[in-house]
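Fold and contact review
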Amino acid sequence: MGLRKRVKPQRQPQSHRAAPVSEPAGGRPSNASGAVAAAAGGGPARTGSSAVQQRGTRTFPPPGGAGDCPGVGCGSAVPSRWPCRLRSVSMAAGLMLAAVLALAQAWCVNSIHENLLWFSKLMEVEREISFRTECGLYYSYYKQMLQAPTIGQGLWDLVHDNMTESKRTINLLQRMNIYQEVFLSVLYRVLPIEGYLEPIYFYIYTVFSLQAVYVIALYLTAWLLSGTWLAGVLAAVWYILNRVDTTRVEFTISLRENWSMPFLALQVAAITCYLRPQLSALLKRVMVWLVFVTSVCFCLTWQFNQFILLVQALVLFSMDALDLISARQVTTLYLVQVCSLLCVWLLQFCNSMILGSLVLSFIMSALFVKYYQPGLKSGGLLARLAKLVLHTLLVLSLTGVINYFTKKALQVRSDEHIFKFIKSKFGLGPTRDFDASLYLCEDAFGPLPMDTLERLGGTLLLYPYVLTMGGLIAVLAVVALRNLSGSKAKEASVAEEERKGGGGGGGGGEVAGASAILSPDLAYNLLHTLFFGLLAFSTMRMKYIWTGHMCAVATYSVCAQEPLTLVLRLIRCHSKTMIRIIRCVVPLVLIGCLYVKFWPQIMKEVSELREFYDPDTVELMNWISSDTPQRAVFAGSMQLLAGIKLCTGRVLTNHPHYEDRDLRERTKQVYQVYAQRSPEEVHRVLRAAGADYVVLEDSVCYERRHARGCRLRDLLDLDNGHIMDGPGENDPDLVPASNPRFCEAVKTDSPVYSALFTQAFRNKTFHVYRLKKKRKRGSKSSAEPTRTH
């Protein structure tokens, strides 16, 4: 597929080019607004000063503190004597700005998608081809549900699918995370919009609207952390400006992460609110339910959910070990994760991969060891450190044991390739494994490029983030050391605080003393961004989880009261008025600078006109649709076959959803068409997979995108024990192949190949061969005319 400058950039506006659906963007804040108001208005200031002021029999947050109503007066806190109506107006203004920025992000990605492809002018087959690789596979099930006679029949076909993998019947709702496609197809059937909005626009507008939800979630998280809605504005602006590093939704619309990441961001916002000090018991219960619902949605829409939840569980484990969170809170969040995974396990027809996940084994181990180590948090510094090391070793060891026996009992092998990749990446396993090499050779699974940091620095995001992380990590070290070396008197006070907080429901059992310096909500976000930052630096694809949350965390150093108070006290300029002015001026200056620098660039980007151009693939899809049987089975590369299923509805031998051991083995066998194999061997493995046609791509057979050793043909040669093509070193155990490369030799049409394969179609990019059935010796083989373009 290619992009080129448009020949006619001026065109009549289309009636269906409406703005992305904005209902999700407008609906979320209404539920979260109460949480923001109560959480920000009920918590004590994070400074070392007095938490409350007494006025009669009631307690009020101090003027200008983080516990004040945020959002009034340029987003800064407002004294309690101000009328409640003014606070409500400020709250409404903050939520309105959140909705405006959310819609701006949805409009931005929609405009770029439209102008990049000239999507409104494309034929239907061209629109479907634009769903590249696995995106086309997922969208095909949305299309399949819409084409089904009834919703019930569509669901039956998904549960008993025999088109995705030839000679096999699989349950797609169990194997893949496609409930979002099912939900959208049912919604499109039910809503009276068929005459006004095409199905494909309904799909992409929904995905772009989720980007609006994502921005709102980051906005609320920044607001909660910094106590001012100006922090939310700055976080949203940073997210939009760093679009290259925060999302890739405009060209990978149906990728699973584009569905799940907004729910993860909402979950983080709910956890942040739940961990706020002095939150009411009712609001705590509401936040727990919100964490549960968003966790279920997140897990249901992405197959890699277990690994993200594992990192979150490690964050909670670290907070618990360092006394940054109460036992009740960490247990509650652990159980919410377990319940959400079990709900998804049921919805995915008892998918054994979920029960065999590391995160479930880890949570079970953490709770079990914690229960049988009641004296873990007693003693002096050295005793605590020794107990902590022992506790960690016990939890990790028990996690490995539970996970090993669970997978053995359930025969879970679906995620083997992920652990092979991790072992190979860090030099702990074989580097010539085919499945692991497919990942290792892709840039997305390599280390984070340094130009990413240059781009983040160019938008002024990196510097406040580094400042925030440096300061908070120093505070974390001090608080952790103080907690681990606490006296028995301190332990008694902690227990008394937890008892009182648990009984009244107001405190929720927050760790005494620690919240005054590093509150649980701030500690959670610090460790969250730290852990996912390390993950992003090791694997570039994970940066999209890190960079979004990075925008919310970076606002703390420029918008929150605590760091500003500390700095002003050091230079002896501390006053409440000065703090309010700085909290208003600094973010406004930053936003102004970003507007001046990047607004022309954004306008240029959203107005640049290109168009989709891939005539060879269009020609191939049209030929398959018109000249091959409806039940014909096609073999080829995973990426191409996903498009063939979407555009033509033909049966596939393999596909890009790689989370199945048998499918991975079949894919490697089908890929022998690009290896140095005899025609008899290739014919046998293709026939075993049920293939009627095989599609060969010159871009794969003569690949130049990857360096030697990472080309697909090189990976196959290494797996087969053959010497690789071209100049360069080879391992001493490799031997020369006895056969030429099949994808090249079959084009010679020599008798040994023509006896088994007949060319049915070719153009500049693709060569399609029909497999002949093996005949007895002496019988004549029928010939099929080749269609040449």
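Residues numbered from 1 in each chain as written. Predicted model: local features only at pLDDT ≥ 70, side-chain atom pairs only at ≥ 80, totals over all residues. Heavy atoms only, no water.

Once that is clear, we can look at the state of the cysteines. One pass over the full model with this rule turns up 2 disulfides. Cys441 shares a disulfide with Cys710; S-S distance 2.2 Å. The sign of the S-S torsion, about -75°, decides the handedness of the disulfide formed by Cys441 and Cys710: left-handed. Placement of the pair is Cys441 in the loop between α19 (434-440) and α20 (450-458) and Cys710 in the loop between α33 (698-701) and α34 (712-720), with a sequence separation of 269 residues. By relative accessible area, which is 11% here, Cys441 ends up buried. Overall, Cys710 belongs to the partly exposed group, its relative accessible area being 25%. Each bonded cysteine of the protein chain is numbered by sequence order, and under that numbering the disulfide pairs are 1-3, 2-4. Here Cys297 is not disulfide-linked; the sulfur of Cys299 is the nearest cysteine sulfur, at 9.5 Å. (Disulfide = S-S within 2.5 Å. Helix = DSSP H or I, 4+ residues; strand = E, 2+ residues; numbered from the N terminus. Buried < 20%, exposed > 50% of the residue type's maximum accessible area, 1.4 Å probe, protein only.)

This next bit is on the side chain of Asp521. Note on placement: Asp521 falls in helix α24 (residues 520-538). Of the residues examined, Asp521 reaches a relative accessible area of 0% and is grouped as buried. Among the polar contacts listed, one links the side chain of Asp521 to the side chain of Ser519, at a separation of 2.5 Å. (Polar contact = N/O pair within 3.5 Å; in protein donor to acceptor, adjacent residues only side chain to side chain.)

Should the charged atoms of two oppositely charged side chains come close, the side chains can pair. The full count for this structure, using the stated rule, is 35 salt bridges. With a closest N to O distance of 3.6 Å, Asp433 and Lys420 form a salt bridge. Pair noted here: Asp433 is in the loop between α18 (416-425) and α19 and Lys420 is in helix α18, with a separation of 13 residues, a long-range link. A salt bridge links Asp714 to Arg711, with the shortest nitrogen-to-oxygen separation between them at 2.6 Å. By relative accessible area, Asp714 is classed as buried at 0%. Where salt bridges share partners, they join Asp320, Asp323, Lys370, Lys377 and Arg384 into one cluster. (Salt bridge = Lys/Arg side-chain N within 4 Å of Asp/Glu carboxyl O.)

We now examine the environment of Leu333. Among the secondary structure elements, Leu333 is positioned in helix α14 (residues 327-347). Once the C-alpha coordinates of Leu333 and Ile271 are considered, the two residues, 62 residues apart in sequence, prove to be 8.4 Å apart. Here Leu333 is in contact with Ile271, Tyr274, Leu275, Val291, Leu316 and Ile325, once residues within four sequence places are set aside. (Contact = heavy atoms within 4.5 Å.)

By size, the foremost hydrophobic cluster in this structure holds 168 residues, and its most contacted members are Phe131, Tyr203, Ile204, Met319, Tyr334, Phe634 and Ile644. Looking at this core element by element, the count peaks at 22 residues for helix α8 (residues 199-226). If we skip the residues at most four places from it in the chain, Ile204 touches His113, Phe119, Phe131 and Ile253. Counting 33 residues, the second largest nonpolar core, distinct from the first, contains Phe421, Val673, Val685 and Leu715. (Core = buried A, V, L, I, M, F, W, Y, C linked by side-chain atoms within 4.5 Å.)

Overall, the prediction assigns the protein chain a mean pLDDT of 85, with 83% of residues at 70 or greater. For the stretch residues 75-80, pLDDT sits under 50, and the model shows 29 contacts to residues farther than four places along the chain or on other chains. Per-residue pLDDT stays below 50 along residues 777-784; that stretch engages in 10 contacts with residues further than four places along the chain or on separate chains. (pLDDT = per-residue confidence, 0-100.)

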